[in-house]
Amino acid sequence: METKCIHVIPHLSFSGNCEEAIHTYIDAFGGEIFWLSRWSEETFDVTPAQAGKVMHAEFTLGQTRMAASDAFGDDGQSTRIKLMIHMDSMEDARRAIHLLAQGGEKLSPLKPHPKPDDGGCGSVTRDRFGYTWIITCPNPEKNVRQSKG
């Protein structure tokens, strides 16, 4: 079988606050929006709550291409997806966690992973939009000790 070059693009659904979520994520991780369309009154089957909301957006977080929309008529069931991002430093990780935790909940603080993964640190945060983020970074204490050896 021939291997095809495909890219899986995570698609996130929101209940009217998609644009706010995308800007929060770009503030936390860097990136840009390269497509954003909105529901309009002329769009087939639009409710008043949908008008002006995001019909389809594509954006990047770092090198990852993502998509999102405001989903109306959704059955309210969430998926069990978690999003993991590796940050370059403890400072970058703390900044991202702080931004994501605003209106959300820090589920676990940024701390070193247990051995044998203690070369890195991690934290889990559920943002105000309902998504869970696993933020990781290098463990500066471990890296300092390793570089002295």
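Residues numbered from 1 in each chain as written. Predicted model: local features only at pLDDT ≥ 70, side-chain atom pairs only at ≥ 80, totals over all residues. Heavy atoms only, no water.

1. Brief notes about the overall build of the protein chain
Part 1 of the argument: Across its full length, the protein chain carries three helices and eight strands.
Part 2 of the argument: Mapped in sequence order, the helices and strands of the protein chain form the string β-α-β-β-β-β-α-β-β-β-α.
Part 3 of the argument: A buried classification covers 34% of the 149 residues belonging to the protein chain.
Part 4 of the argument: Look at the contacts in the protein chain between residues 6 or more apart in sequence, and 53% of them connect residues 24 or more apart.
Part 5 of the argument: On the protein chain, roughly 9800 Å² of surface is accessible, and the fraction owed to carbon and sulfur atoms is 51%. (Helix = DSSP H or I, 4+ residues; strand = E, 2+ residues; numbered from the N terminus. Buried < 20%, exposed > 50% of the residue type's maximum accessible area, 1.4 Å probe, protein only. Contact = heavy atoms within 4.5 Å. Areas by Shrake-Rupley, 256 points an atom, 1.4 Å probe, with all protein chains shown as cover.)

2. Some details on the sheet that holds strand E1 (residues 11-14)
Part 1 of the argument: Judged by pairing direction, the sheet is mixed, and its four strands sit side by side in the order E1-E4-E3-E2 without closing on themselves. Looking at the sheet topology across the chains shown, the edges are occupied by E1 and strand E2 (31-38). Mean inter-strand twist for the sheet, computed between neighbouring axes without regard to direction, equals 20°.
Part 2 of the argument: For E2 and strand E3 (residues 54-61), the ladder comprises seven bridges, and the chain directions are antiparallel. In the strand pairing of E3, Ile33 is matched with Phe59. (Pairing = 2+ DSSP bridges. Axes fitted to C-alpha atoms, helices over the stretch in contact; angles between N-to-C directions.)

3. Considerations on the sheet that holds strand E7 (residues 120-126)
Part 1 of the argument: Strand order in the open sheet formed by four strands is E5-E8-E7-E6, and the pairing between neighbours is mixed. The sheet terminates laterally at strand E5 (82-86) and strand E6 (105-112), the two strands that pair on one side only. For this sheet the average axis-to-axis angle between neighbouring strands, irrespective of direction, equals 15°.
Part 2 of the argument: For E7 and strand E8 (residues 132-138), the ladder comprises seven bridges, and the chain directions are antiparallel. Pairing of Arg126 across the sheet is with Thr132, part of E8.

4. Things to note about the pairing of strand E4 (residues 64-70)
Part 1 of the argument: Burial of E4 is extensive: five of the seven residues sit out of reach of the surface.
Part 2 of the argument: By the bridge criterion, five bridges tie E3 to E4 in an arrangement that is antiparallel. Bridged to Phe59 within E4 is Met66.

5. Examining helix H1 (residues 18-29)
Part 1 of the argument: Over its twelve residues, H1 extends 16 Å from the first C-alpha to the last, a length consistent with the 16 Å expected when each residue adds 1.5 Å.
Part 2 of the argument: Of the positions making up H1, those classed as buried are Cys18, Ala21, Ile22, Thr24, Tyr25, Ile26, Ala28 and Phe29.
Part 3 of the argument: Trailing H1 by a residue or two, Gly30 shows a phi angle of about 80°, which is positive. (Expected span 1.5 Å × (residues − 1).)

6. Points about the nonpolar core
Part 1 of the argument: Counting residues in hydrophobic clusters, the biggest one holds 30 residues, and the most contacted among them are Phe14, Tyr25, Phe29, Trp133 and Ile135.
Part 2 of the argument: Where this core is concerned, the elements lending two or more residues are E1, H1, E3, E4, E5, helix H2 (90-101) and E8.
Part 3 of the argument: Among the elements that take part in this core, H1 stands out by supplying seven residues, more than any other.
Part 4 of the argument: Among residues more than four places away in sequence, those in contact with Phe14 are Ala21, Tyr25, Ala68, Ser69, Asp70, Ala71, Phe129 and Tyr131. (Core = buried A, V, L, I, M, F, W, Y, C linked by side-chain atoms within 4.5 Å.)

7. Side note on the pattern of salt bridges
Part 1 of the argument: All chains considered together, the criterion is met by five salt bridges.
Part 2 of the argument: Across the pair Glu20 and Arg128 runs a salt bridge whose closest N-O atoms are separated by 3.0 Å. Of this pair, Glu20 sits in helix H1 while Arg128 is found in the loop between E7 and E8, placing the two residues 108 residues apart along the sequence.
Part 3 of the argument: Note on Glu20: relative accessible area 40%, which makes it partly exposed.
Part 4 of the argument: Accessibility expressed as a relative area gives 32% for Arg128, which makes it partly exposed. (Salt bridge = Lys/Arg side-chain N within 4 Å of Asp/Glu carboxyl O.)

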